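What the coordinates show
Here's the letter readout for the chains.
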Amino acid sequence: MKPQAFATFTYLCYLHTHGKESVPPSVDEIASKLHMSKDMATEQLTELKQRGLLNQHLVPVCKNTGKNFFSLPNELFFLNLGHGVITVYAYLLYCEDRRTHQCHPSYRTIASAVHLTVATVMKHIAKLEDRQLISVEHTSYLDSHGMKWNGNNQYTILPIQITLDCYYQQQMDQLEEQRKWQQAKKRLGRNPEKAPCAPL
C-alpha cells in the first residue's frame, strides 16, 4: 500500500476508534490533514473501497486477529507531518524491538516497504528526527579486510510526549513572534515618521 493510501486508512481508523465514524470526514479534511490534494484524497478513498478496506460510510474494515498488529500514537495526526512522514514512522514502529524501542532497517529496505524513493525516505527520516519522534545513530563496521564502512542507521522511537512538548513549544514561540510583530506594527502606526520609506 502506498503512503497516501496507508495514511488515509490510518487516519480513518483513528476517527473510527474515537467514535467519530457517524460523521464521515470530508475529502477536504483528509487532504488538509495528510498534506495531499483533494483529487489525491478522493483517489485514495476510491482505492481503499475497491480493496474492501472501507465501507460506503468510510468506516475501516479490518479483521483483527489479535496478531501482527501495532498501534500508532493518536497525536501523530495533529503534528502536521504529512502522509509520507506518517508512513515512514509507522514502518519504523513496525520494525522496532518492543523492549529497546530500536530498529535498524536500511534506507533501501524502508523505501521498498513504503513505496518511496531512498531520497524521499532520507528526507522523511530527517523530519522525524527534527520533530523528535526518533533519534538516529549512525553506525559503522569493519569488513574482513579491515576496511571501515557505514552501517545502517539505528533508530530509537522516542516517547511521544517529547514530540508533543517540542511541538507545543514551537507553537508558543510562533505566537510570541506574531505578538511582537503586531506590537511593532502598532508602534510604527503611531509614529508614521519612523515608518520605513516607500520605495522610489
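Further up the page is the structure itself.
The shown structure was predicted, so the numbers you read here are calculated from the model rather than taken from an experiment.

Rules used in this analysis
- Residues numbered from 1 in each chain as written.
- Predicted model: local features only at pLDDT ≥ 70, side-chain atom pairs only at ≥ 80, totals over all residues.
- Heavy atoms only, no water.
- Helix = DSSP H or I, 4+ residues; strand = E, 2+ residues; numbered from the N terminus.
- Buried < 20%, exposed > 50% of the residue type's maximum accessible area, 1.4 Å probe, protein only.
- Areas by Shrake-Rupley, 256 points an atom, 1.4 Å probe, with all protein chains shown as cover.
- Patch = residues over 30% accessible without salt bridge, like charges linked within 9 Å, V, L, I, M, F, W, Y side chains within 5 Å.
- Salt bridge = Lys/Arg side-chain N within 4 Å of Asp/Glu carboxyl O.
- Phe/Tyr/Trp six-rings, centres within 6.5 Å; stacked < 30°, edge-to-face > 60°.
- Axes fitted to C-alpha atoms, helices over the stretch in contact; angles between N-to-C directions.
- Parallel < 35°, antiparallel > 145°, perpendicular 65-115°, else oblique.
- Contact = heavy atoms within 4.5 Å.
- Nonpolar A, V, L, I, M, F, W, Y, C, P; charged D, E, K, R; others polar.
- Expected span 1.5 Å × (residues − 1).
- Arc of directions from axis to C-beta.
- Pairing = 2+ DSSP bridges.
- Core = buried A, V, L, I, M, F, W, Y, C linked by side-chain atoms within 4.5 Å.

Each helix and strand counted, the protein chain has seven helices and five strands in total. Ordered by position from N to C terminus, the α and β elements of the protein chain give α-α-α-α-β-α-α-β-β-β-β-α. Looking at the protein chain as a whole, 34% of its 200 residues are labelled buried. Within the structure as shown, the protein chain displays about 13,100 Å² of accessible surface, and the carbon and sulfur contribution to it stands at 53%.

All right, on to a nonpolar patch on the surface then. Taken together, the side chains of Tyr141, Met147 and Trp149 present a nonpolar region at the surface, about 350 Å² in accessible area. Position of Tyr141 among the secondary structure elements: in strand E3 (residues 140-142).

Moving on, we get to the packing of aromatic side chains. One pass over the full model with this rule turns up five aromatic pairs. When the ring of Tyr11 is compared with that of Tyr14, the centres are 6.3 Å apart and the planes differ by 25°; the resulting orientation is stacked. In this pair, Tyr11 and Tyr14 are both assigned in helix H1 (residues 3-17), three residues apart and thus about one turn of the helix distant. Tyr11 sits in the buried class, given a relative accessible area of 3%.

For the rest of this paragraph, the subject is the packing of H1 against helix H3 (residues 38-50). Two elements in contact, H1 and H3, have axes separated by 9 Å at closest approach and are oriented at 75°. On the basis of the axis angle, H1 is roughly perpendicular to H3. Residue-level inspection shows Gln4, Ala5, Thr8, Phe9 and Leu12 of H1 in contact with H3, the latter providing Met40, Gln44, Leu45, Glu47 and Leu48. The residue makeup of the contact of H1 with H3, split by class, is six nonpolar, three polar and one charged.

Here we take up helix H6 (residues 118-130). With 13 residues, H6 should reach 18 Å at 1.5 Å per residue; the first-to-last C-alpha distance of 18 Å fits that figure. Within H6, burial applies to Val121, His124, Ile125 and Leu128. The buried residues of H6 occupy an angular sector of 105° when the element is viewed end-on, so they sit on one face. H6 presents Ala119, Lys123 and Asp130 as exposed residues on the side facing more than 90 degrees away from its buried surface. In the core, the buried residues of H6 are packed alongside helix H4 (83-95), helix H5 (107-114), strand E2 (134-137) and strand E5 (154-157).

As summarised here, the arrangement of the three strands in space is E1-E5-E2, forming an open sheet in which the pairing is antiparallel. Two strands in the sheet have a free side with no partner beyond their single neighbour: strand E1 (102-103) and E2. Judged from the two bridges that link them, E1 and E5 form a sheet pairing that is antiparallel. Across the sheet, residue Cys103 finds its bridge partner in E5, namely Tyr155. In this fold H4 packs onto E1, E2 and E5, with an angle of close to 95° to the strand it touches most, E5.

Below, the discussion takes up the pairing of E5. One ladder, built from four bridges, connects E2 with E5; its direction is antiparallel. When the sheet's bridge partners are listed, Glu137 is paired in E5 with Gln154.

Moving on, we get to the nonpolar core. Judged by nonpolar contacts, the single largest core of 45 residues is most densely connected at Tyr89, Leu92, Ile110, Ile125 and Ile134. Excluding its chain neighbours within four sequence positions, the residues that come into contact with Ile110 are Val88, Tyr91, Leu92, Pro105, Val121, Ile125 and Tyr155.

Turning our eyes to something else, we now look at the pattern of salt bridges. Under the defined criterion, the tally for this structure stands at five salt bridges. In this structure, Lys38 and Asp28 form a salt bridge, with 3.9 Å as the shortest nitrogen-oxygen distance. A residue pair is termed long-range when its members are at least 10 positions apart, and Lys38 in helix H3 and Asp28 in helix H2 (residues 27-33) qualify at ten residues. Residue Lys38 is classed as partly exposed on the basis of its relative accessible area, which comes to 48%. A salt bridge links Arg179 to Glu176; the shortest N-O distance between them is 2.5 Å. Taken together, the residues span about one helical turn, with Arg179 and Glu176 both in helix H7 (residues 160-190) at a distance of three residues. Exposure remark for Arg179: the relative accessible area of 39% places this residue in the partly exposed category. Taking relative accessible area as the criterion, Glu176 reaches 32% and is therefore assigned partly exposed.

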